[in-house]
Amino acid sequence: MPSVIVGRTGPFTGQSVVLGGEPLSFGRKSDNGVVIVSPSASRLHAEILTEDPGFVLYDRDSRNGTYVNGQRVTRHVLRPNDCIRIGDETFLYEAQDSMETVMDLSLLDVPRVATADPGVLRVTVTGGGPVGLAFALALDEMLPGRTAITLYDGRWTRKGSAVVWKDETQGNFRRQQVVTVQSRQYLALSEEVLGALFGDDGAYSEMWPVGPDSVDGHPPRNIRIAHIEDRLLELAGRRPAIRLVPERFDVTEQQNRLTREHVLVVCEGGRSRTREHYADRFGAADASIYSLDGEHLQDVVLGLRVKSRLPDPMSVLLTVSQNRFLLNSLRGEGFLNMRLTREEARNVIGIDPVRHVFEECIAARPCLMSRQQEDGEFRCPTHGTLFLPALLRGSPLWKEIRQGLGLFGVAEEDLSAITSFRLDMVQRPRFTAQLYRPTATSPGTFGFLLGDAANAIHFWPGRGLNSGLASASSLARSLSRAWQGRPLRDADFIRHEAAMSMLQYRHKSRAWNAMVTTDDQGVTRAIKDVIARSTEAGAGAGADGGGGTGAGADGSDLDALLERMAGIRDRLESRLPGLPTDAELRSHLSSIAPATLRTLRESGAWDTLIVGGEEADIDLFYQSDSPVFVPRPADPRSAPAPAAVRPELGVSLGR
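These numbers were taken from a predicted model, which means no experiment stands behind them. (Residues numbered from 1 in each chain as written. Predicted model: local features only at pLDDT ≥ 70, side-chain atom pairs only at ≥ 80, totals over all residues. Heavy atoms only, no water.)

Asker: Give a description of the overall build of the chain that names residues and reports values.
Answerer: Per the secondary structure count, the chain includes 19 helices and 36 strands. The buried share of the chain, taken over its 655 residues, is 58%. Expressed as a percentage of contacts within the chain between residues at least 6 apart in sequence, the contacts between residues at least 24 apart total 72%. Of the roughly 26600 Å² that the chain leaves accessible, carbon and sulfur atoms contribute 48%. (Helix = DSSP H or I, 4+ residues; strand = E, 2+ residues; numbered from the N terminus. Buried < 20%, exposed > 50% of the residue type's maximum accessible area, 1.4 Å probe, protein only. Contact = heavy atoms within 4.5 Å. Areas by Shrake-Rupley, 256 points an atom, 1.4 Å probe, with all protein chains shown as cover.)

Dropping the structure here:
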């Protein structure tokens, strides 16, 4: 019986690599047989060779060592049930007869016998945001003339013969957030889509420098998400194979029709009703993996729509130098995201000025509260509520908002709207499921989770979009390979499921490292709690102005921040011209209250090495000689939480 390596923790949990005559290498470099995404792994970390004793594991002079059953090894003859640890990921050495399912993925590259006319692949997509639209366009391009795709979205309406996005008068408040699209994702788009999104130079900016995520020297691009939605919807409306339905998808009403579809793609977002309807197929999400001291860790972020007067290099340096505020903008216009403490999150409420009752619409739904011209207050147009902290100008939260505006050169009148969002990560056991089996009159229907229905949002704007675009591309490629006019099989989507597992692990391990920090004593805390402790200690430091006599009034916090920024600037200046000098930084920060400077200092710098790093490259799973990664059923609760890694100061900028 052949032997196998089975993933225990990490992106390949429950998946297997069949060992054979060829060496199997492990490491961060993309040409390894098993690509390890852990930052503590070396580029070529370890290797398994076939020798007279059987299979022998060698450490290849790795930086952090290779471990078997908890012991560091340089050479080890593998025995059944040996547990191998490489970086933060573990694998089990097993014989094939101990596994539930093992399959050589190379067999999937053997051409299947195709019929003369494979017929039309019938696809329903729920949710017509960027991910659903990008998937439909990609699949139509890969299977020209062989697809019939129906997209549903209740945020659309008909305008003449076209389908367009509803506006505010129709109850749809468009997302004006600016997102950062990584070069790996936008370069994978077709020429037509690229031209539609980026053909107009005014539609995007290259605010962030080339980093480890960048491909062939192309930097990431900042672009407004509403622009992406508009252009993709226009393209989809011109495709004969794509039918746009301006209605919210109702799975109970559509159930009979779905049994006649080959594919259902769920792109409705994190609160998808369709996904929950099929929860018994996709499995229950596990929140415990993202827990700290037994508490499921969540972050609440206040989104402030602003216009900054600072140049992009200054905004970048200010953003990555601390963990309290993040500006993502298009030529200064965008959202300033403020990480909230627990107490601040409880104060994100509205008040009904007529009934004089509190409403949580901005925190629970959430709603967008826009500044009114007549009185300057922030009002929710749906519920008529006002943003309470702005009414109480002396409230601690409003004072900190004003400090964040000052940090990024935003005049108070240039704050035009306020919203909030929650980072709530869960581990999903699978992203592919057979919803209905084939019968004499139905083809059998497979369901897939993409976008936020599969993975939660990230504090860095665009993280969810990048993951969603990668997942849309992966599914389109799998379907285009598999469709031969006969019922689809689980085995057709092994590569896609492996790609989704890797995306989930990679993006959520990054999010975890953006939510926690580990001190010199190895104690891990939520960053929001570090901020809370700092704000409480510096409550008397003059939070509403530039002076103050509290903590840090002697200038030590300002000096420490300037030293941190100088170190980050030294690492960025070769890739980002125009960074501010020490004198410019000191002059700019001198107006910030000492208490806020203390908070910025203690929040730490963005851990850009860990949060950045190499992106999960789904091309690995679609090469003819790609490694054998085979899913098998596994209890998701057996996967431990990702290890927290101590942040380093802005080693690289992984936007």
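Asker: Describe the pattern of salt bridges, and please don't skip the residues or the numbers.
Answerer: Under the criterion given, the structure shown has 35 salt bridges. For arginine 239, the salt bridge is made with glutamate 192, and the minimal N-O distance between the two is 2.6 Å. Of this pair, arginine 239 sits in the loop between α4 (225-237) and β19 (242-245) while glutamate 192 sits in helix α3 (residues 191-198), and the two are 47 residues apart along the sequence. Given the relative accessible area of 38%, glutamate 192 is considered partly exposed. Between arginine 525 and aspartate 519 there is a salt bridge; the shortest N-O distance is 3.0 Å. (Salt bridge = Lys/Arg side-chain N within 4 Å of Asp/Glu carboxyl O.)

Asker: Outline helix α13 (residues 463-482), listing residues and values.
Answerer: Look at α13: 29 Å from first C-alpha to last across 20 residues, which is about the 28 Å you get at 1.5 Å a residue. Where burial is concerned, most of α13 is hidden: 17 out of the 20 residues are buried. (Expected span 1.5 Å × (residues − 1).)

Asker: Account for the pairing of strand β18 (residues 221-224), with residues named and values stated.
Answerer: Of the two faces of β18, both are covered, the one formed by Arg221 and Ile223 as well as the one formed by Asn222 and Arg224. Note: strand β17 (residues 204-205) against β18, two bridges, orientation antiparallel. What sits directly across from tyrosine 204, in β18, is isoleucine 223. (Pairing = 2+ DSSP bridges.)

Asker: Outline the sheet that holds strand β13 (residues 147-152), supporting the account with residue identities and numerical values.
Answerer: Pairing is mixed across the open sheet formed by six strands, whose spatial order is β19-β13-β12-β20-β33-β32. Every interior strand has two partners, whereas the edge strands, β19 and β32 (432-436), have only one. Taking each pair of neighbouring strands and ignoring which way they run, the sheet shows an average axis angle of 20°. Bridging between strand β12 (residues 121-126) and β13 involves six bridges; their strand directions are parallel. When the bridges of β13 are listed, leucine 121 appears paired with threonine 147. (Axes fitted to C-alpha atoms, helices over the stretch in contact; angles between N-to-C directions.)

Asker: Got a sec to walk through the packing of aromatic side chains? Specific residues and values, please.
Answerer: Under the definition given, this model contains 10 aromatic pairs. Residues phenylalanine 378 and tryptophan 398 carry aromatic rings whose centres are separated by 6.2 Å and whose planes lie at 55° to one another, so their mutual orientation is tilted. Of this pair, phenylalanine 378 sits in strand β29 (residues 378-379) while tryptophan 398 sits in helix α12 (residues 396-407), and the two are 20 residues apart along the sequence. For the pair phenylalanine 378 and tryptophan 398, a shared accessibility class is recorded, and that class is buried. Taken together, Tyr186, Phe198 and Tyr204 form an aromatic cluster joined through their ring pairs. Above the face of the tyrosine 67 ring, arginine 85 is positioned so that its terminal group lies 4.2 Å from the ring centre. (Phe/Tyr/Trp six-rings, centres within 6.5 Å; stacked < 30°, edge-to-face > 60°. Lys NZ or Arg CZ within 6 Å of the ring centre and 35° of its normal.)

Asker: Can you tell me about the nonpolar core, naming the residues and giving the values?
Answerer: In a soluble, globular protein the nonpolar side chains are often hidden away together inside. Counting 100 residues, the largest nonpolar core has Ile5 and Phe135 as its most contacted members. Leave out the neighbours within four places in its chain, and phenylalanine 135 touches Val123, Val125, Val265, Leu450, Ala472, Leu475, Ala476 and Leu479. In terms of nonpolar packing, the next biggest core, distinct from the first, is built from 52 residues, Met207, Leu302, Leu326 and Val410 among them. (Core = buried A, V, L, I, M, F, W, Y, C linked by side-chain atoms within 4.5 Å.)

Asker: Go over helix α14 (residues 494-515), please, and point to the residues and values.
Answerer: Between its terminal C-alpha atoms α14 stretches 31 Å, which fits the 32 Å expected from 22 residues at 1.5 Å a residue. The buried fraction of α14 is high, at 22 of 22 residues.

Asker: Can you tell me about the sheet that holds strand β3 (residues 24-27), naming the residues and giving the values?
Answerer: Overall, mixed pairing links the five strands, which are arranged β4-β3-β5-β6-β9 in an open sheet. Strands at the two margins of the open sheet, each flanked by one partner only, are β4 (34-35) and β9 (75-77).

Asker: Could you give an account of the environment of valine 34, with specific residues and numbers?
Answerer: Within the fold, valine 34 resides in strand β4. Overall, the relative accessible area of 1% leaves valine 34 in the buried class. In sequence terms valine 34 and leucine 620 are 586 residues apart; their C-alpha atoms lie 10.0 Å from each other.

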